[in-house]
Amino acid sequence: MTILVTGGSGFIGSALVLHLLATGEERVVNLDRLTYAAVPGSLPASLADDPRYVHERADIADSEALARIFATHRPRAVLHLAAESHVDRSIDGPTAFVETNVVGTQRLLDAALAHWRGLPPDGQAAFRFVHVSTDEVFGSLEPDDPRFTAASPYRPRSPYAASKAAADHLARAWHHTYGLPVIVTNCTNNYGPRQHPEKLIPLMIIKASAGLPLPVYGRGDNVRDWLHVEDHARGLALAARRGVAGETYCFGGDAERSNLALVERLCDLLDDRLQRLPDGARRGLIRFVADRPGHDRRYAMDVSETTRSLGWRPARELETGLAATVDWYLRHEDWWRPVVESGATDRLGLPAGTRLAG
Ligand code: NAD
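If you're wondering where the values come from, they're calculated on a predicted model, not measured in any experiment.

Conventions and cut-offs
- Residues numbered from 1 in each chain as written.
- Predicted model: local features only at pLDDT ≥ 70, side-chain atom pairs only at ≥ 80, totals over all residues.
- Heavy atoms only, no water.
- Helix = DSSP H or I, 4+ residues; strand = E, 2+ residues; numbered from the N terminus.
- Expected span 1.5 Å × (residues − 1).
- Bend = angle between axes of the 7 residues up to and from the residue.
- Axes fitted to C-alpha atoms, helices over the stretch in contact; angles between N-to-C directions.
- Parallel < 35°, antiparallel > 145°, perpendicular 65-115°, else oblique.
- Left-handed = near helix turned anticlockwise from the far one by under 90°.
- Contact = heavy atoms within 4.5 Å.
- Nonpolar A, V, L, I, M, F, W, Y, C, P; charged D, E, K, R; others polar.
- Buried < 20%, exposed > 50% of the residue type's maximum accessible area, 1.4 Å probe, protein only.
- Arc of directions from axis to C-beta.
- Polar contact = N/O pair within 3.5 Å; in protein donor to acceptor, adjacent residues only side chain to side chain.
- Pairing = 2+ DSSP bridges.
- Phe/Tyr/Trp six-rings, centres within 6.5 Å; stacked < 30°, edge-to-face > 60°.
- Near = heavy atom within 4 Å.
- Areas by Shrake-Rupley, 256 points an atom, 1.4 Å probe, with all protein chains shown as cover.
- 1 Å grid on protein atoms, 1.4 Å probe; cavity = no way out; pocket = protein on both sides within 12 Å on 5 of 7 lines; lining within 4 Å.
- Points joined across faces, edges and corners; volume = space filled by probe spheres on them.
- Right-handed = clockwise from strand over helix to strand, strands pointing away.

Trainee: Would you mind going over helix 4 (residues 95-117) with me for this structure?
Mentor: Structurally, the α-helix is built with 3.6 residues per turn, so residues lying three or four positions apart point the same way. Taking 1.5 Å per residue, 23 residues should reach 33 Å; helix 4 reaches 32 Å between its end C-alpha atoms and fits that length. The largest bend in helix 4 is about 30 degrees, located at Gly 104.

Trainee: Whenever I open this one, the packing of helix 1 (residues 11-23) against helix 8 (residues 229-242) confuses me. Can you help?
Mentor: Working note: a packed helix pair is described by the angle between its axes plus the distance between those axes. It is the contact of helix 1 with helix 8, at a shortest axis distance of 9 Å, that shows an interaxial angle of 60 degrees. The angle between the axes of helix 1 and helix 8 places the two elements in the oblique class. Like other packed secondary-structure pairs, helix 1 and helix 8 cross with a definite hand, here right-handed. Every residue of helix 8 that contacts helix 1 at Phe 11, Ile 12, Ala 15, Leu 16, His 19 and Leu 20 is listed here: Val 229, His 232, Ala 233, Arg 234, Leu 236 and Ala 237. Residue classes in the contact of helix 1 with helix 8 are distributed as nine nonpolar, two polar and one charged.

Trainee: How should helix 2 (residues 63-73) be read in this particular structure?
Mentor: Residues of helix 2 that are buried include every one of Ala 65, Leu 66, Ile 69, Phe 70 and His 73, and no others. Each buried residue of helix 2 sits inside an arc of 130 degrees when the element is viewed along its axis, so together they form one side. Facing away from the buried surface of helix 2 by more than 90 degrees, the exposed residues are Glu 64 and Ala 71. At its buried positions, helix 2 is contacted by strand 1 (2-6), strand 2 (27-31), strand 3 (53-56), strand 4 (77-80) and helix 4.

Trainee: Just to check I follow, could you spell out the side chain of Thr 134 for this structure?
Mentor: Topologically, Thr 134 is positioned in strand 5 (residues 128-134). Its relative accessible area of 6% is what places Thr 134 among the buried residues. In terms of polar contacts, Thr 134 uses its side chain to reach the backbone amide nitrogen of Glu 136, at 2.8 Å.

Trainee: I tried to follow the packing of helix 2 against helix 4 on my own but got confused; where do I start?
Mentor: Between helix 2 and helix 4, the shortest axis-to-axis distance is 10 Å and the interhelical angle comes to 35 degrees. Crossing of helix 2 against helix 4: the hand is right-handed. In this structure, helix 2 uses Ser 63, Leu 66 and Phe 70 to contact helix 4, whose residues at the interface are Arg 107, Leu 108, Ala 111, Ala 112 and His 115.

Trainee: Is there a simple way to explain the sheet that holds strand 11 (residues 256-258) in this structure?
Mentor: Within a sheet, adjacent strands bond to each other through the backbone by hydrogen bonds, running parallel or antiparallel. Strand order across the open sheet formed by three strands is 7-9-11, with mixed pairing between neighbours. Looking at strand neighbours, the two that pair on one side only are strand 7 (189-191) and strand 11, the edges of this open sheet. Direction aside, neighbouring strands of the sheet carry axes that sit 50 degrees apart on average. Where strand 9 (residues 223-228) and strand 11 come together, three bridges link them in antiparallel fashion. Residue pairing for strand 11: Val 223 is matched across the bridge by Ser 258.

Trainee: Explain the packing of aromatic side chains to me, please; I cannot follow it from the model alone.
Mentor: We describe a pair of aromatic rings using the distance from one ring centre to the other and the angle between the two ring planes. This model, assessed by the stated rule, comprises eight aromatic pairs. Consider the rings of Trp 328 and Tyr 329, whose centres lie 5.0 Å apart with planes at 80 degrees: the pair is edge-to-face. Grouping residues by exposure puts Trp 328 and Tyr 329 together as buried. Aromatic pair Tyr 329 and Trp 335: ring centres 6.2 Å apart, planes at 75 degrees, arrangement edge-to-face. Both residues of the pair, Tyr 329 and Trp 335, count as buried.

Trainee: Explain the site of the ligand to me, please; I cannot follow it from the model alone.
Mentor: Not every one of the 28 residues close to the ligand is listed here, only the nearest: Ile 12, Asp 32, Ser 85, Tyr 160 and Lys 164. Here an oxygen atom of the ligand sits 3.0 Å away from a polar atom, N or O, in the main chain of Gly 10. Take Arg 33: an N or O atom from its main chain is 3.1 Å from a nitrogen atom of the ligand. Notes on the ligand: free accessible area 830 Å², of which the protein chains cover 96%.

Trainee: Looking at this structure, I do not really get the layout of surface pockets. What am I missing?
Mentor: A probe matching the size of a water molecule, rolled over the atoms, marks out where space remains unfilled. Taken as a whole, the second largest pocket spans an internal volume of roughly 160 Å³. Lining of the second largest pocket is provided by 14 residues; of these, Ala 150, Thr 248, Glu 305, Thr 306 and Ser 309 occupy positions nearest its centre. Put simply, the parts of the chain that give the lining of the second largest pocket at least two residues each are strand 10 (248-251) and helix 10 (304-310). Examining the composition of the lining of the second largest pocket, we find that five residues originate from one element, helix 10, more than from any other. Classifying every residue of the lining of the second largest pocket gives five nonpolar, five polar and four charged.

Trainee: Explain the pairing of strand 1 to me, please; I cannot follow it from the model alone.
Mentor: Within a regular beta strand, the side chains point alternately toward one face of the sheet and then the other, so they alternate between its two faces. With five of its five residues buried, strand 1 lies for the most part within the structure. By the alternation rule, side chains of strand 1 split into Thr 2, Leu 4 and Thr 6 and Ile 3 and Val 5, which are all buried. Alignment of strand 1 against strand 2, held across five bridges, turns out to be parallel. Directly across from Ile 3, in strand 2, lies its bridge partner Val 28. In this region the chain leaves strand 1, passes through helix 1 and returns to the parallel neighbour strand 2; the handedness of that crossover is right-handed. Both strand 1 and strand 4 contribute to a ladder of four bridges, which runs parallel. Counted as the bridge partner of Val 5 is Leu 79 from strand 4.

Trainee: Would you explain the sheet that holds strand 4 in this entry?
Mentor: Strand order in this open sheet of seven strands is 3-2-1-4-5-6-10, and the pairing throughout is parallel. At either margin of the open sheet sits one strand with a lone partner, and together these are strand 3 and strand 10. Strand-to-strand twist across the sheet, computed as the mean angle between neighbouring axes with direction ignored, equals 20 degrees. Summarising the sheet, strand 6 (residues 182-187) and strand 10 pair through four bridges and their orientation is parallel. Directly across from Thr 185, in strand 10, lies its bridge partner Tyr 249. Sheet strands touched by helix 6 (residues 159-178): strand 5, strand 6 and strand 10. Its angle to strand 5, the strand with the most contacts, is close to 155 degrees.

In structure tokens form, the structure reads like this:
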């Protein structure tokens, strides 16, 4: 049996590929185009010799490549994570988000449907297409609003969220119209090892470790709910195994923090681990900067229904997970340094040549 993972070289995808290989017997095919977001080394080089793992370098918007990959590997499930995923990039250049997240998802759904139609009845009944989405499709909560549920109305507000919302609608339409056994998952912000250095937590860890200024949007009072990436990977594998076609599953960490509180905590964790900076505690590096346009105030998911139906709940406390994440970035400079050296983070105030202090 084979599981097809799209985007398996990215942050969540690599955690998922490693989880599937460690906990199951099935072959894992990773369909990933290797965009800038696929940091080399996120999957161990030893996988090249693993007969249960195959990498197919292809674009999810390339229908011919998809037809070949489905015909070659005949997966029993698809876990679809490939996407453009960075909100700030979507504001600067939305086209790639529509091409991959919307058009790419539609082409992948079509390829999966053609494959599913050719399966015998028991294969059709067991097949699952798990479309991996975000809580950002539901818009923005005020501080005292109840958390989002699967029944929350769609109110996307950034180009990224709008492209993911469009993809969610397409995925559900392929279930209702054509019968493809689709599951949609909506998850809160993930954190953990191997997240691209342009994202908030790695960016702040690397900058704070080096003593660089830490820009925080607005007053830092935007609230996010943080889930450890390995808890998300475990939930996605469960959804592919036990999820009911047509259902939506919500994943979240039950760990809401303001951006300011999160960055302050990272500073304290680094102060405990590295030499103090000449100017004192790393919290002193925090600088409030002009807010992101259309910045959503708060996201949080109510996962109680998913706990009831799948038996899933977050296992990692944010406090211990964050400390482990800080340790991972301090130990894996070889993983993130090439990204920084490439100049990819220059515009984020993390210049090539940045070194850990202490
Ligand atoms: P990521 O940017 O780290 O990785 C995306 C991967 O997809 C990369 O390996 C990239 O090479 C690949 N990819 C991009 N475009 C492609 C294309 N056209 N064809 C084939 N491969 C392509 O993203 P991530 O943070 O791991 O997110 C994975 C999924 O989870 C996304 O769908 C995202 O919307 C969703 N999600 C992310 C979070 C989060 O906090 N990171 C939270 C909820 C949901």
